[in-house]
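Report on the structure
This is what each chain is made of:
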Amino acid sequence: MAASSSIRTYIPTPPFLSPRTPQSSLSSSLKLTSPHFSPSSKPLLLSSPLSPPLPLCAATTSSSSTPSPNTPTTTFHGLCYVVGDNIDTDQIIPAEYLTLVPSNPDEYKKLGSYALIGLPAAEYPTRFIASDETTSKYSILIAGDNFGCGSSREHAPVALGAAGVAAVVAESYARIFFRNSVATGEVYPLESEVRVCEACRTGDVVTIELGLGRLINHTTGKDYGLKPIGDAGPVIEAGGIFAYARKAGMIPSLAA
């Protein structure tokens, strides 16, 4: 997964470009759909006090809690950027930039510089990436309903990851965007229990604690429950579906 330089420092070869193994053969054995479609998923009840803020754009790993074995314990901390409902993939990365090849480091970086450039300026006067920057200062994206709808371009989560986004917290996702986020391992597509997009504002300082399933807004002093990410968590943590499959011995490693 690619995020800000303080969270991830390597540039992956996007799994969807790999010629080694068809994704369909892996999807049949991995659950890449949003876990909230399962009736066994339940809201997390949070009663612990708010955690102290971490340095902006930091990612840490904690062993103090006892989350599900399938839940990474990574904690993301930084500024959030808030968008509304039905943000489609053309707003995330317009089609004119799809000629950029993510496996090329220079083009991967350039792809990130165009993330969310399709948002209408009238509705979003604060731009996600400043005109003189190639990455965003906002490492956490908060959205409403049906985030990532529209065309099924894998470049959408890749562009967000290349721009420095560690995680997206949305009320719900278009299923194809959720799958692409997991398959590429670029960002964590997390689902909120309530409309966090109406409770947070762009520029708020927030923390995401994956192991505890919560989002903490340090600016407002409030926290919110997140739905479990389930089997998708270890895949994203590994760096995507092909990296996970190699790690699990499902396909040969690149060194083989």
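Residues numbered from 1 in each chain as written. Predicted model: local features only at pLDDT ≥ 70, side-chain atom pairs only at ≥ 80, totals over all residues. Heavy atoms only, no water.

Considerations on the overall build of the protein chain
From N to C terminus, the protein chain includes seven helices and eight strands. Carbon and sulfur atoms make up 53% of the accessible area of the protein chain, which totals about 11400 Å². (Helix = DSSP H or I, 4+ residues; strand = E, 2+ residues; numbered from the N terminus. Areas by Shrake-Rupley, 256 points an atom, 1.4 Å probe, with all protein chains shown as cover.)

Some details on the pattern of salt bridges
Throughout the structure, instances matching the rule amount to six salt bridges. A salt bridge links R153 to D90, with the nearest nitrogen and oxygen atoms 3.2 Å apart. Here the residue R153 occupies a position in the loop between β3 (138-143) and α4 (155-163), and D90 occupies one in helix α2 (residues 89-92), the gap between them amounting to 63 residues. R153 gets classed as buried once you look at its relative accessible area, which sits at 14%. Owing to a relative accessible area of 39%, D90 belongs among the partly exposed residues under this scheme. The partner of D223 in a salt bridge is R214, with the nearest N and O atoms 3.7 Å apart. The exposure class assigned to D223 is partly exposed, which follows from its relative accessible area of 26%. Here the salt bridges share partners, and the residues they tie into one network are D85, E171, R195 and E198. (Salt bridge = Lys/Arg side-chain N within 4 Å of Asp/Glu carboxyl O. Buried < 20%, exposed > 50% of the residue type's maximum accessible area, 1.4 Å probe, protein only.)

Focus: the packing of aromatic side chains
Under the defined criterion, the tally for this structure stands at nine aromatic pairs. Between F128 and Y138, the aromatic rings sit 6.4 Å apart at their centres with planes inclined by 25°, giving stacked as the arrangement. Of this pair, F128 sits in the loop between α3 (105-113) and β3 while Y138 sits in strand β3, placing them 10 residues apart in sequence. Take F128: its relative accessible area is 3%, and that puts it in the buried class. The class of Y138 is buried, set by a relative accessible area of 5%. Geometrically, the ring pair formed by F147 and Y173 is edge-to-face, given 6.2 Å between the ring centres and 90° between the ring planes. (Phe/Tyr/Trp six-rings, centres within 6.5 Å; stacked < 30°, edge-to-face > 60°.)

Points about the confidence of the model for the protein chain
Looking at the protein chain, pLDDT values average 80 and 71% of them are 70 or higher. Every residue in residues 37-53 scores below 50 in pLDDT, and together they form 30 contacts with partners more than four places removed in sequence or on other chains. For residues 60-71, every residue scores under 50 in pLDDT, and the model assigns this stretch 16 contacts once sequence neighbours within four places are set aside. (pLDDT = per-residue confidence, 0-100. Contact = heavy atoms within 4.5 Å.)

Digging into the packing of α4 against helix α5 (residues 175-184)
For the pair α4 and α5, interaxial distance at closest approach is 8 Å and the crossing angle is 55°. Between α4 and α5, the interaxial angle falls into the category oblique. By crossing handedness, the relation of α4 to α5 is classed as right-handed. Residues A156, P157, V158 and L160 of α4 form the contact with α5, whose participating residues are F177, N180, S181 and T184. Among the residues forming the contact of α4 with α5, the class breakdown is five nonpolar, three polar and no charged. (Axes fitted to C-alpha atoms, helices over the stretch in contact; angles between N-to-C directions. Parallel < 35°, antiparallel > 145°, perpendicular 65-115°, else oblique. Left-handed = near helix turned anticlockwise from the far one by under 90°. Nonpolar A, V, L, I, M, F, W, Y, C, P; charged D, E, K, R; others polar.)

Brief notes about the pairing of strand β2 (residues 74-82)
Along β2, nine of the nine residues are buried, which leaves the element largely enclosed by surrounding structure. By the bridge criterion, five bridges tie β2 to strand β6 (residues 205-209) in an arrangement that is antiparallel. Its bridge partner being in β6, T75 is matched across the sheet by E209. Sheet topology places β2 next to β3; four bridges connect them, and they run parallel. Within the sheet, the bridge partner assigned to L79 lies in β3 and is Y138. (Pairing = 2+ DSSP bridges.)

Looking at the nonpolar core
Nonpolar side chains in soluble globular proteins generally cluster together in the buried interior. Residues I142, F147, L160, I208 and L215 are the most contacted members of the largest nonpolar core, which totals 62 residues. Per-element tally for this core: the top contributor is α4, with six residues. Aside from chain neighbours lying at most four places away, what touches F147 is V83, I87, I92, L141, L160, V168, A170, S172, Y173, A174 and F177. (Core = buried A, V, L, I, M, F, W, Y, C linked by side-chain atoms within 4.5 Å.)

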